[in-house]
Each structure stands twice: as C-alpha cells, then as structure tokens.
Amino acid sequence: GENVEQHPSTLSVQEGDSAVIKCTYSDSASNYFPWYKQELGKRPQLIIDIRSNVGEKKDQRIAVTLNKTAKHFSLHITETQPEDSAVYFCAASSGSARQLTFGSGTQLTVLP
Amino acid sequence: EAQVTQNPRYLITVTGKKLTVTCSQNMNHEYMSWYRQDPGLGLRQIYYSMNVEVTDKGDVPEGYKVSRKEKRNFPLILESPSPNQTSLYFCASSSSGGVGTEAFFGQGTRLTVV
C-alpha cells in the first residue's frame with residue numbers, strides 16, 4: 001500500500017517568513033495530493049490540493065509543488081501569520097478507492 | 001449547512017464494554033471513512049465505504065467494525081474496546097466524482113478506554 005512520509009515534524013518560523021513542509025510517497029499510481037490544516041481542537045480542513053497532471057498550484061499565500069518523477073510534493077506558505085499556526089497534514093491517493101494515506105503531520109508555529 | 005456529525009464528542013469507557021460512535025453526513029456523499037489520530041502517527045484509516053452495503057478495511061482495522069445500511073450513516077463499532085484504542089477518531093465523507101475530491105471531516109470523538 002501507499003506510504004507517505006512528512007518532514008519536519010515541527011517547524012517554527014518568525015511572522016512574515018516562509019514555511020516549507022515536504023512529503024514523499026511510495027505508490028507511483030497516486031494521482032491526488034491534498035493538504036489539510038488542523039487547528040488546535042478542531043477537525044482537519046482542506047487548504048489546497050494538486051492532481052498529478054499539474055506541477056504547481058497557488059492560492060494566495062499558499063502553494064503546492066509536485067514532482068512525480070521523484071515522488072515528492074511540498075507545501076509553501078509565504079508571509080506567515082500567527083493564524084497559520086496549526087498542524088498540517090499531507091496526503092496521497094490513488095483515486096479508485098478514494099483512500100487517503102496521510103503523513104504524520106507537521107506542527108507549524110508562527111512566532112510573533 | 002453541509003456537515004459531517006459525530007457523536008459523542010467525548011467518551012470514557014471501560015475495557016470490554018461495547019460502544020458505537022455514530023457518523024452522519026447530509027451531503028449525499030457516496031464515500032465515507034473512519035480515521036484514528038494518534039500523536040506522531042498522523043491520521044490512519046480504519047475502514048472505508050464506497051457506498052451502501054460496500055465496506056472495506058483500511059490500514060488499522062483490527063478491533064473495529066463498521067456498517068453502511070444507509071447512505072448518510074456510517075457507525076464505528078468497538079465490540080470489546082481495549083486501552084490501545086484510546087485515541088481521537090474522525091469520520092470523513094467525500095463525493096465520488098473525478099480524480100480526488102475533498103474529504104469533509106466530522107468534529108472528532110475523543111475516546112478513552114480504561
């Protein structure tokens with residue numbers, strides 16, 4: 001089955017700096033890569049996703065890049081703000097069963 | 001309002017006492033699943049369902065059962081809970097269209113087995 005590794009497990013940045021979280025996956029058949037944000041005590045919520053026919057996608061301050069050859073994808077957050085502090089999960093899916101395999105999560109802390 | 005609703009939100013139980021966590025969605029989604037969240041391990045899938053009467057094991061199904069008798073409901077059953085099932089549980093649903101669709105999560109159920 002699919003295996004998703006996520007790094008780093010914790011990340012602290014100064015407000016206004018950029019943050020990058022990286023994930024690798026094992027199943028070359030995976031074709032859908034979402035990122036979820038989980039604030040303290042809340043449910044995970046989708047913030048951005050990318051499909052295998054696209055190399056990069058951007059939505060305001062967040063962007064995701066995908067390298068299918070290397071089987072890795074990354075989340076980039078620019079101009080970080082305190083409200084970006086949360087746990088971020090990457091995930092991969094091969095689509096047919098809609099099984100999402102999640103990474104272990106990254107605790108992002110944005111220091112004021 | 002589109003939502004996934006889990007009950008209860010918090011539950012403390014004793015080893016061996018059967019329990020059910022309910023999950024209901026109002027978005028007419030075909031696909032539903034259960035995850036458990038443990039520190040350092042992320043979200044691990046327990047069971048999933050492609051549609052009514054169609055269920056399959058995820059990555060960590062041992063000790064759990066599910067059923068999908070109606071499209072909107074997907075209960076998680078622990079026949080004989082053990083302390084290693086202490087965890088935060090999430091139900092999620094998504095539609096079946098296209099390559100990858102957003103998974104909507106319930107608010108979570110924090111289960112403690114003593």
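Residues numbered from 1 in each chain as written. Chains lettered and ligands numbered in written order. Predicted model: local features only at pLDDT ≥ 70, side-chain atom pairs only at ≥ 80, totals over all residues. Heavy atoms only, no water.

Participant: Describe in detail the overall build of chain A, supporting the description with residues and values.
Facilitator: Looking only at helices and strands, chain A has 0 helices and 11 strands in total. Traced from its N-terminal end to its C-terminal end, chain A shows the element sequence β-β-β-β-β-β-β-β-β-β-β. What you see for chain A is a C-alpha radius of gyration of 13 Å, in line with the 13 Å of a compact globule of 112 residues. Referenced to the eigenvectors of the C-alpha coordinate spread, the extents of chain A come out at roughly 40 × 30 × 20 Å. Counting all 112 residues of chain A, 46% fall into the buried class. By sequence separation, contacts in chain A at least 24 residues apart represent 54% of the contacts at least 6 residues apart. Counting only carbon and sulfur atoms, one obtains 46% of the accessible surface of chain A, whose full area is about 5400 Å². If the 11 positive side-chain charges of chain A are averaged to one point and the 12 negative ones to another, these points end up 7 Å apart. (Helix = DSSP H or I, 4+ residues; strand = E, 2+ residues; numbered from the N terminus. Rg over C-alpha atoms; globule rule 2.2 N^0.38 Å. Buried < 20%, exposed > 50% of the residue type's maximum accessible area, 1.4 Å probe, protein only. Contact = heavy atoms within 4.5 Å. Areas by Shrake-Rupley, 256 points an atom, 1.4 Å probe, with all protein chains shown as cover. Lys, Arg positive; Asp, Glu negative; His and termini not counted. Charge placed at Lys NZ, Arg CZ, Asp CG, Glu CD.)

Participant: Give me the lowdown on the side chain of His29 of chain B, citing residues and values where you can.
Facilitator: Position of His29 of chain B among the secondary structure elements: in the loop between β3 (19–25) and β4 (31–38). Assessed through its relative accessible area of 8%, His29 of chain B is described here as buried.

Participant: Account for the packing of aromatic side chains, with residues named and values stated.
Facilitator: Counted by the stated rule, this structure contains 13 aromatic pairs over all chains. Judged by centre distance (6.3 Å) and plane angle (90 degrees), the ring pair of Phe89 of chain A and Phe102 of chain A falls under edge-to-face. Linking Phe89 of chain A in strand β9 (residues 86–92) with Phe102 of chain A in strand β10 (residues 101–102), this pair joins segments that are 13 residues apart in sequence. Considered together, Phe89 of chain A and Phe102 of chain A belong to a single accessibility category, that of buried residues. Measuring from ring centre to ring centre gives 6.2 Å for Phe102 of chain A and Phe105 of chain B, while their planes differ by 65 degrees; the resulting arrangement is edge-to-face. One end of the pair, Phe102 of chain A, is in strand β10; the other, Phe105 of chain B, is in strand β10 (residues 104–105), on a second chain. Exposure class is identical for Phe102 of chain A and Phe105 of chain B. Each is buried. Taken together, the ring pairs connect Tyr36, Phe89 and Phe102 of chain A together with Tyr35, Phe90 and Phe105 of chain B into an aromatic cluster. (Phe/Tyr/Trp six-rings, centres within 6.5 Å; stacked < 30°, edge-to-face > 60°.)

Participant: Lay out the sheet that holds strand β1 (residues 4–7) of chain B with the relevant residues and their values.
Facilitator: All names here are of chain B. Read across the sheet, 4 strands follow the order β1-β3-β8-β7 without closing on themselves; strand pairing throughout is antiparallel. The two strands at the open ends of the sheet, each matched to only one other strand, are β1 and β7 (65–66). The pairing of β3 with strand β8 (residues 76–78) spans 3 bridges and is classified as antiparallel. Across the sheet, Val21 pairs through a bridge with Leu76, a residue of β8. (Pairing = 2+ DSSP bridges.)

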